[in-house]
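Each chain, letter by letter, is given below.
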Amino acid sequence: MKKTPVLQIKNLTVNFPSESGTVNAVRNVSLDIFPGEVLGVVGESGSGKSVLSLSTIGLLPNSARVSGEILLDGENLLQLSDQEMSKHRGRDIAMVFQDPLSALNPVQTIGHQIAEALLIHQEISYDDAFKRAGELLDEMRIPRPFERVKSYPHEFSGGMRQRVMIALAIANAPKIILADEPSTALDVTVQAQVLELLKRASQLTGAAVVLVTHDMGVVAGLADRIAIMYAGKIVEEGPIEKVFESPAMPYTIGLIRSIPRVDESEKRRLVSIAGSPPSPVALPPGCAFAPRCPAYTEICDSKVPDLEAFGGDRSVACLRKDEIAGLVSAGRLYPTEVTKGNVKSTSDLKLLEVSDLSKSFPLLKGNVFRRRVGSVYAVDKISFTLEQGKCLAIVGESGCGKTTTLLEVMNLIAPENGRIVIFGKDVSELSKSERLVIRKDLQIVFQDPFASLDPRLPIGEAIMEPMEVFSVSKSEQLTRMQELLELVGLNPAHANRFPSEFSGGQRQRIAIARALALNPKILILDEPVSALDVSVRAGVLNLLAELQEKLGISYLFVSHDLAVVQHVADYVAVMYLGSIVESGAVAQVFNSPHHPYTKALLSAVPIPDPRVEKSRERIILEGELPSPINPPSGCRFHNRCFVTKSRSEADQAKCASERPELRMVEGAEVSCHFPLLR
C-alpha cells in the first residue's frame, strides 16, 4: 500500500530582487515528504537548500517572491498569512537551526523557552509546561535536566544547545522536523550525539525529518531518501542506497567521489568538480551544471532538463541520463587515481622536535584590581617530531589544545615549559636575526582565508608581501608570484583582483600561494579545509598532496576531520584535554586504535556509503569535554570512557586516580592503563 505524503511541495519557485538582478534561489522544485522518513537534501553552498526549508516553515523575508504550492493536509501554506502560519509553526512543522546560539533567546532560561513553545499550542499550565521542559531535556540526554532548565543558553556548550533546539522542535510532537545543517559547526563526537538524538526525536514523535546538509556522509547514515540540489533545482532524487550505489547525474557522482573516506586502505586523488556554481542571477542556458560537467555536449545547452523518472523510484534531471552509466564504466567520468601516498622523501631528518610542551592561561577575576584565581591548562606536556617531507596531523575535539600547540611553535620564543627545536636550533636560544631566518622556512595557513588576507590588497601584492620583507628584487617577486598562482591552479592574469572577487576555495589557494612565497620547509595548516564545500575541499586537498610531492614540504596539519587526516597525513597525534593520548603512523592508528578515545573518534566519522554506515558499530561518548580549568584526576578521559565502565571497581579506581604515561603498544604510543589490543 502506497504511503500518503505528510507534506507535498509542488512547483515551488522562490526569487529575490537584488541590485544585480533577480536571484533565482529555488526553481520549480517538487517533493513529497512521507511520515517517519528522513529525507536528506544535499548540495553545495548557494544551491537553495536553506531557502527550500525556510519556505516550508514560512520564514522567508518579505522581499521573496514565491510561487507554487506547499500542501500540509491539503492546505496550501503559501496562501496563509503570517498569523495563520504561526498556528502550524512549532506544532505541525518545527525547525532545528544551524546556529542554536542565535536561534535561542539569550535573556530567557532554557526551561522558559521550551515551556513557552508548549503554552502557545497546548492547553497546559505553566508549571506543567516547565516540568515537561525538564522531561524533554532528559529525553535529549542532558545531564541534571531538571536543574539545567533554569540555565541560560550561554551556559551550555554548542552540542548541548543543539540538543535544546531538538527538544524545542519535538515539544509539540510535530509532523515534520526541518533540520538545517544541525551538525556543521560541531566536533565529530558531538555531531554523532546530535544525529543520534535527531533520529531518536523522529522515533519519539513519528515525524518526518528533512535534513539539510552538505555532508554526504551524514545523510548516508541517517537518511532514507536523498535529494541532490544544484543551482536551485533538484537534479537527482531517490532511495539513499540506490543513489549512492549507482548515481545517474554527473554532479552526484562528483560529490560522492570528492569525499575522503576514513575506511580507505589506499590513498587516492579525490575528485574535484571543475569551476564553481553559477551565479543565481545569471544562470547559463540549458542545464546549469553544463559548464562544469565532464559529460557536456551541445545538447546540454538546448533546454533546462526536467526531473524525470529513472529506474522506477528514482528521478534525474539530466539530458544524457541514459548514457551516464556507460561513461562511468568506461572511466570517462571522474576517474579516481590511486596514489602511492603523499610522501616521496625518504629522509629521516627531524625538522621540528617538541618535548614536554606546556601552556596555560591565567584565569582572572575582578574589574579594577584583577587577580589570578586559577589557570586554563591548554597544553600539558606533549611531545612530537616532524620529519622532512612528511605530514604529521594533530586531531581532537575543540578545546583540546591543537591550535594552541601550533601558535606555540609559530611564536619562535621560549615556551612556558618544555622545549621546541626547529631545524636543529632550540628556539629559546635564538637571536633576533636567527629567528627571522627561521620565519622564512616556517609558514602558516589559517582556517579562514578571507580573514587572513588583507581585503585592500590585490592578491598579487598579498603574495609578494612576504618577499618584500626579505628584500627580494621586484622582478623576482613578479616572476615568483606568477609561478605560485599557476602552481596552485589560479590564473596569473587575475593577480590584480581583490580577495572578495574569489570563491572560498580560491581564497584558500591564494593563502597557500602566499605561504609558499619564500619556499618554506614547514607549512603549518590550521583546519585549512573545514570551511569549504566538499568539492572545493577536494581540490585543496589534492593541491596539498601535489605540492608535497613536487616540493618535499613538511606539513604540521591540525584538523578535527579524521577522514581528511587519513587522506593527507603520514603520522597522527590524537589530543584530549591538552595531552596526546595516542600517536603513530596513520594506517596503524586508524586500522587498529588502542586508546578508547581514538576508537570513539573513528567510529563517529561518517562514511559516505549507506550500506557500511548503517551497519557499523558506533560509539557514542557520553557527556561533554571537561573544562581545562579543572581537568579530571587520573586519566582525563576516564569519566567518558566506555572501557573503564566495563572493568572492575579496582580498575576504575586506578583510572580515576593514576595518570597513565605514554608507552609503546603494538607499534603506537598510547596513554592508557587498559589499551585496546588486536
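The structure presented is a predicted model; accordingly, all values stated were derived computationally and were not measured.

Draft legend 1. Up close: the overall build of the protein. Within the protein, the regular secondary structure consists of 25 helices and 24 strands. Once the C-alpha set of the protein is aligned to its principal axes, its extents read approximately 75 × 65 × 55 Å. Contacts in the protein between residues far apart in sequence, at least 24 positions, make up 67% of those at least 6 positions apart. If you sum the accessible surface of the protein, you get close to 29300 Å²; carbon and sulfur atoms cover 49% of it. Seen as two clouds, the 74 positive and the 81 negative side-chain charges of the protein have centres 2 Å apart.

Draft legend 2. Up close: the pattern of salt bridges. What the rule picks out here adds up to 30 salt bridges. Among the salt bridges present, the one from Arg89 reaches Asp82, with a minimum N-O distance of 3.2 Å. For the salt bridge of Arg636 with Asp380, the shortest nitrogen-to-oxygen distance reads 3.1 Å. Remark: Asp380 occurs in strand β14 (residues 371–387) and Arg636 occurs in the loop between α23 (610–613) and α24 (642–645); sequence separation between them is 256 residues. Classification of Asp380 by relative accessible area gives buried; the value is 16%. Here the salt bridges share partners, and the residues they tie into one network are Glu37, Arg225 and Glu237.

Draft legend 3. Up close: the confidence of the model for the protein. Taken over all residues, the pLDDT of the protein has a mean of 89, while the share at 70 or more is 98%. Low pLDDT, under 50, characterises residues 340–346; the predicted model gives this stretch 16 contacts beyond four residues in sequence or across chains.

Draft legend 4. The sheet that holds strand β1 (residues 7–18), seen in detail. Pairing is antiparallel in the open sheet, where four strands are placed in the order β2-β1-β4-β5. The open sheet terminates on both sides in strands that have one partner only, identified here as β2 (21–33) and β5 (75–76). With nine bridges joining them, β1 and β2 adopt antiparallel strand pairing. Its bridge partner lying in β2, Leu7 is registered against Ile33. Strands β1, β2 and β4 (65–72) of the sheet are contacted by helix α1 (residues 49–57), whose axis makes an angle of about 115° with β1.

Draft legend 5. Spotlight on helix α12 (residues 321–329). Listed in full, the buried residues belonging to α12 are Lys321, Ile324 and Leu327. Looking straight down α12, one finds that the buried residues subtend no more than 85° of arc, so they occupy a single side. Set apart from the buried face of α12 by more than 90 degrees, the exposed residues are Asp322, Ala325 and Ser329. Contacts from the buried residues of α12 go to α11 (250–257), β11 (308–309) and β12 (315–316).

Draft legend 6. Main features of the sheet that holds strand β18 (residues 442–445). The strand order across the open sheet formed by eight strands is β18-β19-β20-β15-β21-β22-β24-β23, and the pairing between neighbours is mixed. Whereas interior strands pair on both sides, the edge strands pair on one side only; in this sheet they are β18 and β23 (663–665). The average undirected angle you get between the axes of adjacent strands in this sheet is 20°. Sheet topology places β18 next to strand β19 (residues 522–526); four bridges connect them, and they run parallel. Residue Val445 lies in a different strand from β19, and its bridge partner there is Leu525. The strands that helix α14 (residues 432–441) touches are β18 and β19; relative to β18, the one it contacts most, it runs at about 50°. Running over the sheet, helix α18 (residues 504–516) touches β18 and β19 and is turned about 170° from β18.

Draft legend 7. The side chain of Thr189, seen in detail. Along the polypeptide, Thr189 turns up in helix α8 (residues 188–205). Judged by its relative accessible area of 3%, Thr189 falls in the buried class. The residues contacting Thr189, other than those within four sequence positions of it, are Glu397, Leu601, Ala604 and Leu621.

Draft legend 8. Seen up close, the side chain of Gln443. Considering the arrangement of structural elements, one finds Gln443 in strand β18. Judged by relative accessible area, Gln443 falls into the buried class, the value being 16%. Within the structure, Gln443 has its side chain in polar contact with the backbone oxygen of Arg439 (distance 2.8 Å). Leaving out residues up to four positions away in the same chain, Gln443 has contacts with Ala515, Leu518, Pro520, Ile522, Leu523 and Ile524.

Draft legend 9. Structural context of α11. The element α11 is extensively covered by neighbouring structure, given that seven of its eight residues are classed as buried. Regarding α11, the residues found buried are Pro250, Tyr251, Thr252, Ile253, Gly254, Leu255 and Ile256. Looking at the packing, one finds that the buried side of α11 touches α9 (216–222), β9 (225–230), β10 (233–239), α10 (240–245), α12 and α19 (534–551).

Draft legend 10. Examining the packing of aromatic side chains more closely. The tally for this structure, following the rule as stated, stands at seven aromatic pairs. Cluster of aromatic residues (ring-pair linked, three or more members): Tyr230, Tyr251 and Phe289. If you follow Arg148 out to its NZ or CZ, it ends over the ring of Phe156, 4.3 Å from the centre.

Draft legend 11. Layout of the pairing of strand β20 (residues 554–559). A large share of β20 lies buried, amounting to six of its six residues. Side chains Ser554, Leu556 and Val558 of β20 all project onto a buried face; the interleaved residues Tyr555, Phe557 and Ser559 project onto the opposite face, where all are buried too. Summarising the sheet, strand β15 (residues 391–395) and β20 pair through five bridges and their orientation is parallel. Opposite Cys391, over in β20, you have Tyr555 as the bridge partner. With five bridges joining them, β19 and β20 adopt parallel strand pairing. Bridged to Leu525 within β20 is Phe557.

Draft legend 12. Quick peek at unusual backbone geometry. With a phi close to 55°, Asp73 is a non-glycine residue in the positive phi region. By secondary structure assignment, the location of Asp73 is in the loop between β4 and β5. A relative accessible area of 58% places Asp73 in the exposed class. Of note in this structure, Glu527 is not a glycine but carries a positive phi near 45°. Tracing the backbone shows Glu527 in the loop between β19 and α19.

Thresholds applied
- Residues numbered from 1 in each chain as written.
- Predicted model: local features only at pLDDT ≥ 70, side-chain atom pairs only at ≥ 80, totals over all residues.
- Heavy atoms only, no water.
- Helix = DSSP H or I, 4+ residues; strand = E, 2+ residues; numbered from the N terminus.
- Contact = heavy atoms within 4.5 Å.
- Areas by Shrake-Rupley, 256 points an atom, 1.4 Å probe, with all protein chains shown as cover.
- Lys, Arg positive; Asp, Glu negative; His and termini not counted.
- Charge placed at Lys NZ, Arg CZ, Asp CG, Glu CD.
- Salt bridge = Lys/Arg side-chain N within 4 Å of Asp/Glu carboxyl O.
- Buried < 20%, exposed > 50% of the residue type's maximum accessible area, 1.4 Å probe, protein only.
- pLDDT = per-residue confidence, 0-100.
- Pairing = 2+ DSSP bridges.
- Axes fitted to C-alpha atoms, helices over the stretch in contact; angles between N-to-C directions.
- Arc of directions from axis to C-beta.
- Polar contact = N/O pair within 3.5 Å; in protein donor to acceptor, adjacent residues only side chain to side chain.
- Phe/Tyr/Trp six-rings, centres within 6.5 Å; stacked < 30°, edge-to-face > 60°.
- Lys NZ or Arg CZ within 6 Å of the ring centre and 35° of its normal.

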